[in-house]
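Take a look at the letters that make up each chain.
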Amino acid sequence: MSFLNSLDIGGSALSAQRLRIDIISQNIANVGTYNTSVDGEPYRRQLVVFSEKKSFSDVLNKYTDEDDGKSTHSRGVYYRSSDSESSNAGVEVSKVIESQTPFTPVYDPSNPLADDDGYIYQTNVDNTEEQIDLLAAQRSYEANATAIEAVKAMLSKAMTLKGN
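Definitions and limits used
- As a convention, each chain's residues are numbered from 1 in the sequence order in which they are written.
- Two thresholds apply to this predicted model, a pLDDT of at least 70 for residue-level local features and 80 or more for giving and counting side-chain atom pairs, whereas whole-chain, interface and lining totals are computed over all residues.
- Each side-chain value is derived from all of the structure's non-hydrogen atoms; neither hydrogens nor water enter the calculation.
- Secondary structure elements are defined from DSSP: runs of H or I of at least 4 residues count as helices, runs of E of at least 2 residues count as strands, and each element is numbered from the N terminus.
- Burial classes follow relative accessibility: with a 1.4 Å probe on protein chains only, a residue under 20% of its type's maximum area counts as buried, one over 50% as exposed, and anything between as partly exposed.
- Contact definition: two residues touch when any of their heavy atoms are within 4.5 Å.
- All accessibility values rest on the Shrake-Rupley procedure with a 1.4 Å probe; residue burial counts only the protein chains present in the view.
- Contacts described as polar in this section are N or O atom pairs within 3.5 Å, which, within protein, must combine one atom able to donate a hydrogen with one able to accept it, while residues neighboring in sequence count only if both atoms come from side chains.
- Any carboxyl oxygen of Asp or Glu that lies within 4 Å of a side-chain nitrogen of Lys or Arg is treated as forming a salt bridge with it.
- To estimate how far a helix should extend, the number of its residues minus one is multiplied by 1.5 Å.

Enquirer: Explain the overall build of the chain to me, please; I cannot follow it from the model alone.
Expert: Along the chain, the regular secondary structure elements total three helices and six strands. Ordering the α and β elements of the chain from the N terminus gives α-β-α-β-β-β-β-β-α. The burial tally for the chain puts 23% of its 164 residues in the buried class. Long-range contacts, defined here as pairs at least 24 residues apart, represent 71% of the contacts in the chain between residues at least 6 apart. Carbon and sulfur atoms make up 52% of the accessible area of the chain, which amounts to about 10900 Å² in all.

The following block contains the structure:
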């Protein structure tokens, strides 16, 4: 039933946003840290990259490239009777990357970790930017949770209807 696939889509979005929130929390925990060794670098800001599980162009090509009798055409839109076409839809975390923003140099020649010019380097994590990203991730998580609740309510209502 393709109607139930919307729960998979919302669930994948919840999982992805949860990981994003975890990564942002890790970034916030490392705000203000410095390099920990003479040759080492400080913590680099982590960013989550999302991608769709099933590419829209792949799905569109399936509808337009194949003509196996399952598709019907109505005003330029193809419909398939198989609900496997919408399975595996949703979002996934394709990778977690490191930000390439330069580190913040802090002049402290008395620090044993300072370089030859007397600088130590602070992480490239900006607390304000992380707080804004965290708020956006929380709002997205809440929106997806609301969408799942709406689907559950529709399912519940559909089960209470009697066929007359």
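From this point, things continue past the structure.
Enquirer: For this particular structure, what's the right way to read the side chain of Gln46?
Expert: Note that Gln46 resides in strand β1 (residues 46-52). Here the side chain of Gln46 touches Arg44 through a polar contact of 3.0 Å, landing on its backbone oxygen. Setting aside residues no more than four positions away along its own chain, Gln46 makes contact with Ile23, Gln26, Asn27, Val96, Ile97 and Glu98.

Enquirer: Just to check I follow, could you spell out the environment of Ser6 for this structure?
Expert: Tracing the backbone through its elements, the reader meets Ser6 in helix α1 (residues 2-29). The class of Ser6 is partly exposed, set by a relative accessible area of 28%. The sequence separation of Ser6 and Ile148 amounts to 142 residues, and the corresponding C-alpha distance is 7.8 Å.

Enquirer: Sorry if this is basic, but what is going on with the pattern of salt bridges here?
Expert: Where charged atoms from two side chains of opposite charge come close, those side chains can pair. All chains considered together, the criterion is met by six salt bridges. With its nearest N and O atoms 3.4 Å apart, the salt bridge here joins Asp22 to Arg18. Residue Asp22 and its partner Arg18 are located together in helix α1, separated by four residues, close to a single helical turn. For the salt bridge of Glu130 with Arg45, the shortest nitrogen-to-oxygen distance reads 2.3 Å. Taken as a pair, Glu130 in helix α3 (residues 127-160) and Arg45 in the loop between α1 and β1 lie far apart in primary sequence, 85 residues in all. This pair shows no difference in class: Glu130 is buried, exactly as Arg45 is. One network of salt bridges, in which partners are shared, links Arg45, Glu129, Glu130 and Asp133.

Enquirer: How do you make sense of α3 when you look at a structure like this?
Expert: Two residues of an α-helix separated by three or four positions point the same way, owing to the 3.6 residues in each turn. With 34 residues, α3 ought to run about 50 Å at 1.5 Å a step, and its terminal C-alpha atoms sit 49 Å apart, in line with that. The complete set of buried residues in α3 reads Glu130, Leu134, Ala137, Asn144, Ile148, Val151 and Leu155.

Enquirer: Before we go on, may I ask you to explain the environment of Phe103 in this structure?
Expert: Along the chain, the position of Phe103 falls in the loop between β4 (91-98) and β5 (104-107). The class for Phe103 is buried, based on a relative accessible area of 16%. The spatial distance from the C-alpha of Phe103 to the C-alpha of Ile120 is 9.5 Å, given a sequence separation of 17 residues. Not counting residues up to four positions away in its chain, the partners in contact with Phe103 are Glu41, Pro42, Tyr43, Arg44, Tyr121, Gln122, Thr123 and Asn124.

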